[in-house]
Amino acid sequence: MRVDIITIFPNMFSAVLGESIIKRAQEKGKVKIFVHDLRLYTLDKHHKVDDRPFGGGSGMLLQAEPIFRAVQAIKKKVKGKSKVILLCPQGKIFDQKYAKKLSKCGNLIFICGHYEGVDERVRQYLADEEVSIGDYVLTGGELPAMVLVDSIVRLIPGVLGDKNSLNFESFEGNLLEYPQYSRPAKFRKWIVPEVLVSGAHDKISAWRKSEALKRTRQRRPDLLKRQG
Ligand code: ADE
């Protein structure tokens, strides 16, 4: 997979892309991630990327020209089709199912919106999809882009070591995760449920399933009504 991210704050990405599983996924060649500074795609000498909205109003908008130029330059370098995604609060809400769908794409281009928004023509004529990570407003699309990269890259086959870790995690089968414990079996006065130290794998499986269901019913009954 190849991911290209267009942003006016490229430095924000180094910590997230340079650590842990996402770093290892890149080292293993499972994903190539490129961060592009939008200012490098401007035509004027001041590298201006924003302007006031027509009709008045507060704030500044990211202009269409540099964003179109950046996407065009990236598409020229990419082999095959790319999906262009604009991160913005007006987009479709991101979830695990959406992450799975995007993890099957060969090439993704993320546009991080900023300030009061982006010129509508980016939305209309450039973006294939608009994605929001939730009903709250952030200062820009950078954190959302990192959220997408993290959740998508870990789904690429071979990125996580243990195949089972994907099968039994939260949201698989629309269930939250069951409770888990590690050593010691007794910590302060709290003891690990007997069944987990019994070694009876059938009973452990049944217990986990019922705990996952119970937790989902209590905390997120909406998940149980979802299809697929
Ligand atoms: N930009 C600002 N807020 C956002 C959100 N919630 N999701 C995606 N992009 C955003």
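As the structure is a computational prediction, the values presented were derived from the model and not from experiment.

K.L.:
Even after reading the chapter, I still don't get the pairing of strand β6 (residues 107–112), so can you show me in this structure?
P.N.:
The two faces of a sheet get side chains in turn, since along a regular strand they alternate between them. Counting buried positions over the six residues of β6 gives six, a clear majority of the element. Residues N107, I109 and I111 point to one face of β6 and L108, F110 and C112 to the other, with burial holding for every one of them. Relative to β6, strand β1 (residues 2–7) runs parallel, the two being bridged by five bridges. Across the sheet, residue I6 finds its bridge partner in β6, namely I111. Pairing of strand β5 (residues 83–93) with β6 involves five bridges; the strand directions are parallel. Within β6, the residue paired with K83 across the bridge is L108.

K.L.:
Sorry, what's going on with the sheet that holds strand β2 (residues 32–37) here?
P.N.:
Backbone-to-backbone hydrogen bonds pair the strands of a sheet. The strands run either parallel or antiparallel. The strand order across the open sheet formed by five strands is β2-β1-β6-β5-β7, and the pairing between neighbours is parallel. Strand pairing shows two members of the sheet lacking a second neighbour, β2 and β7 (129–132), which therefore form its edges. Here the average twist between neighbouring strands, direction ignored, is 30°. Across the face of the sheet, helix α4 (residues 96–103) comes into contact with β5, β6 and β7 while running at roughly 140° to β7.

K.L.:
What exactly am I supposed to notice about the packing of α4 against helix α6 (residues 142–153) here?
P.N.:
A packed helix pair is summarised by two numbers, namely the angle formed by the two axes and the spacing between the axes. α6 packs onto α4 with a crossing angle of 70° between their chain directions and a minimal axis gap of 9 Å. Judged on the interaxial angle alone, α6 and α4 are roughly perpendicular. Together, A99, L102 and S103 of α4 and L148, S151 and I152 of α6 make up the contact between the two elements. Broken down by class, the residue content of the contact of α4 with α6 amounts to four nonpolar, two polar and no charged.

K.L.:
Sorry if this is basic, but what is going on with unusual backbone geometry here?
P.N.:
Glycine aside, negative phi is the norm for most residues, and most peptide bonds take the trans geometry. Cis geometry is adopted by the peptide bond preceding P184, which originates at R183 and carries an omega value of 5°. Phi at H47 takes a positive value of approximately 55°, unusual for a residue other than glycine. The residue H47 is located in the loop between β2 and β3 (50–51) in this model. Of note in the backbone geometry, R188 takes a positive phi value of approximately 50° without being a glycine.

K.L.:
Would you mind going over helix α3 (residues 64–77) with me for this structure?
P.N.:
In this model, α3 (14 residues) spans 20 Å end to end at C-alpha, consistent with the 20 Å of a helix rising 1.5 Å per residue. Of the positions making up α3, those classed as buried are A64, P66, I67, A70, V71 and I74. Looking at the buried positions of α3, the neighbouring elements they touch are β1, β2, β4 (61–62), β5, β6 and α5 (120–125).

K.L.:
Sorry if this is basic, but what is going on with α6 here?
P.N.:
What sets the pattern is the α-helix's 3.6 residues per turn: residues three or four places apart point alike. If you check α6, its first and last C-alpha atoms are 16 Å apart, about what 12 residues at 1.5 Å a residue would give, namely 16 Å. Burial within α6 is extensive, with nine of its 12 residues counted as buried. If you check which residues of α6 are buried, you get E142, P144, A145, M146, L148, V149, S151, I152 and V153.

K.L.:
I keep staring at the packing of aromatic side chains and nothing clicks. Help me out?
P.N.:
Summed over the entire model, instances satisfying the criterion amount to two aromatic pairs. For the ring pair F187 and W190, a centre distance of 5.9 Å and an interplane angle of 40° mean the geometry is tilted. Its relative accessible area of 44% is what places F187 among the partly exposed residues. Directly above the ring of Y98 sits K92, whose terminal nitrogen or CZ lies 4.4 Å from the centroid.

Analysis parameters
- Residues numbered from 1 in each chain as written.
- Predicted model: local features only at pLDDT ≥ 70, side-chain atom pairs only at ≥ 80, totals over all residues.
- Heavy atoms only, no water.
- Buried < 20%, exposed > 50% of the residue type's maximum accessible area, 1.4 Å probe, protein only.
- Helix = DSSP H or I, 4+ residues; strand = E, 2+ residues; numbered from the N terminus.
- Pairing = 2+ DSSP bridges.
- Axes fitted to C-alpha atoms, helices over the stretch in contact; angles between N-to-C directions.
- Contact = heavy atoms within 4.5 Å.
- Parallel < 35°, antiparallel > 145°, perpendicular 65-115°, else oblique.
- Nonpolar A, V, L, I, M, F, W, Y, C, P; charged D, E, K, R; others polar.
- Expected span 1.5 Å × (residues − 1).
- Phe/Tyr/Trp six-rings, centres within 6.5 Å; stacked < 30°, edge-to-face > 60°.
- Lys NZ or Arg CZ within 6 Å of the ring centre and 35° of its normal.

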